Amino acid sequence: MIKNVTDNVYYVGVDDKTIDLFEGQYVVPNGVSYNSYVIMDDKIAIIDMVDKRKASDWMDNLSQVLGEKKPDYLVISHLEPDHSANLMDVIAQYPDIQIVSNDKLFGMLPQFFDVDIKDRSVSVKEGDTLELGEHTLHFLMAPMVHWPEVMVTYESAEKILFSADGFGKFGTLDTDEDWACEARRYYFNIVGKYGIPVQTLLKKAAAFDIRIICPLHGPILSENLEYYIGKYQTWSSYEPEDKGVFIAYASLHGNTAGAAHDLAGMLKAKGMEKVVVSDLAREDMAECIEDAFRYDRLVVACPTYDGGIMPVMEDFMYHLKMKAFQKRTVAIIENGSWAPMAGKLLKEQFLAMKDITVLEDMVTIRSTVKEADRKNLDALAEKLK
Ligand code: FEO
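Residues numbered from 1 in each chain as written. Predicted model: local features only at pLDDT ≥ 70, side-chain atom pairs only at ≥ 80, totals over all residues. Heavy atoms only, no water.

Asker: How do you make sense of the sheet that holds strand S12 (residues 129-131) when you look at a structure like this?
Answerer: Sheets are built from strands that pair by backbone hydrogen bonding, the pairs being arranged parallel or antiparallel. Taken together, five strands build an open sheet; the order of strands is S12-S13-S14-S15-S16 and the sheet is mixed. At either end of the open sheet lies a strand with only one pairing partner, and these are S12 and strand S16 (212-214). Across the sheet, the mean angle separating the axes of adjacent strands is 20° when strand polarity is ignored. Sheet analysis places strand S13 (residues 136-141) next to strand S14 (residues 151-155), joined by five bridges and oriented antiparallel. Paired with His-138 across the two strands is Tyr-154, which belongs to S14. (Pairing = 2+ DSSP bridges. Helix = DSSP H or I, 4+ residues; strand = E, 2+ residues; numbered from the N terminus. Axes fitted to C-alpha atoms, helices over the stretch in contact; angles between N-to-C directions.)

Printed below as a string of structure tokens:
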């Protein structure tokens, strides 16, 4: 797809609607876009490339925008293959092009490409600029805003931030869907571990007057930027976004599931508006992680299995730990027919996380939910509401 970002800045990225799993793990029902941009000026700069799955479409877009002109610079913000796969094609097509990035990226580049680019490398550092004519690129290092070599670029004439993976979203550009839902799922699963580096970048970016954000995935953002930046402030500081309860359950025969749904009904009856229940075995795990971060209260409901935690709950806990889950209130429902252990093990894992309050009122079910269990669930709902 080709479109104008401004008169002389073009979007030349591609939509990928056929990918089954992004990063080999995330379902993307509405595909994903790999974004790339061209700035036409006295000097011409390409900002980032795309995934090899869409190499020829991207090269076609590029040559349509460039016509007979040759690009002077290729800026690489991020070396992950969904944004850099076409380097050899670019060098073959435009043999005089100079590659602009930072030392960290140039150091990693031979791991991905068997090519010597020393004579065409332009290494930039924090605060360096590159004049294209009317446009000037300002480079800001953004280490660990996904990978260690990441940098972002601010173009000062048109006040555009090329934000690398930051402000990215699943879903192709022609998908009509809520930004926050798929941007949140993208953020917590891909960048979520790196909240502190994202905060650092947001602080740096606040020094610039930004009118347009051009990310590497998802739509170009040009209106109401406070909304998107506000979401990133909340997400990267690990603060809950909404007041509500997310109930994540694993269940062998439906009894623990029943307890989870009973609790949800009790919370709603007590006036709680936002209660979300998910079966960890059947829902998208990335969506479950997103919801765990979205709400301020989390309930986990889990049977004891082989003397431990049911595997799908173990997987959920692993993801929470890896994504630095913190600053939440947690309650536990366990089930066990002869030696319940899941609750104790879950509590230990939560207490090892930062700023997690585990409610003392753990509910222990023995196989099926009885009247006494319902009373305990209702008491838990009182504490949670
Ligand atoms: Fe879209 Fe970190 O790559």
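Asker: Could you clarify how one ought to interpret the pairing of strand S19 (residues 295-305) in this entry?
Answerer: In summary, the side chains of a regular strand alternate between the two faces of the sheet. For S19, the tally of buried residues reaches ten of eleven residues, placing the bulk of the element in the interior. Bridge analysis of strand S17 (residues 242-249) against S19 gives six bridges, and the strand direction is parallel. Along S19, the bridge assignment pairs Asp-242 with Tyr-295. Sheet topology places S19 next to strand S21 (residues 326-335); seven bridges connect them, and they run parallel. Bridged to Val-300 within S21 is Ile-332. (Buried < 20%, exposed > 50% of the residue type's maximum accessible area, 1.4 Å probe, protein only.)

Asker: For this particular structure, what's the right way to read the layout of surface pockets?
Answerer: Over the atoms, a rolled probe matching the size of one water molecule traces out where space is still vacant. As a volume, the largest pocket reaches approximately 290 Å³. Only helix H8 (255-269) and S19 provide two or more residues apiece to the lining of the largest pocket. When grouped by side-chain class, the residues that make up the lining of the largest pocket number five nonpolar, ten polar and one charged. Here the second largest pocket defines a volume of roughly 230 Å³. Forming the walls of the second largest pocket are 13 residues, and the residues nearest its centre are Glu-23, Asp-51, Lys-52, Pro-81 and Asp-82. Taken together, the residues that form the lining of the second largest pocket break down as six nonpolar, one polar and six charged. (1 Å grid on protein atoms, 1.4 Å probe; cavity = no way out; pocket = protein on both sides within 12 Å on 5 of 7 lines; lining within 4 Å. Points joined across faces, edges and corners; volume = space filled by probe spheres on them. Nonpolar A, V, L, I, M, F, W, Y, C, P; charged D, E, K, R; others polar.)

Asker: I'm lost on the pairing of S21 in this one. Help?
Answerer: Across the ten residues of S21, eight count as buried, placing the element largely inside the fold. Here four bridges tie S21 to strand S22 (residues 354-358), and the two strands are oriented parallel to one another. Bridge pairing in S22 places Gln-326 opposite Lys-354.

Asker: How do you make sense of helix H6 (residues 195-205) when you look at a structure like this?
Answerer: In an α-helix, one turn spans 3.6 residues, which is why side chains three or four residues apart end up on the same side. Every buried residue of H6 is listed here: Gly-195, Val-198, Leu-201, Leu-202 and Ala-205. Buried residues of H6, seen end-on, are gathered within an arc of 120° and therefore sit on one face of the element. Within H6, the exposed residues directed more than 90 degrees away from the buried face are Ile-196 and Lys-203. Looking at the buried residues of H6, the elements they touch are S14, helix H5 (179-191) and helix H7 (225-236). (Arc of directions from axis to C-beta. Contact = heavy atoms within 4.5 Å.)

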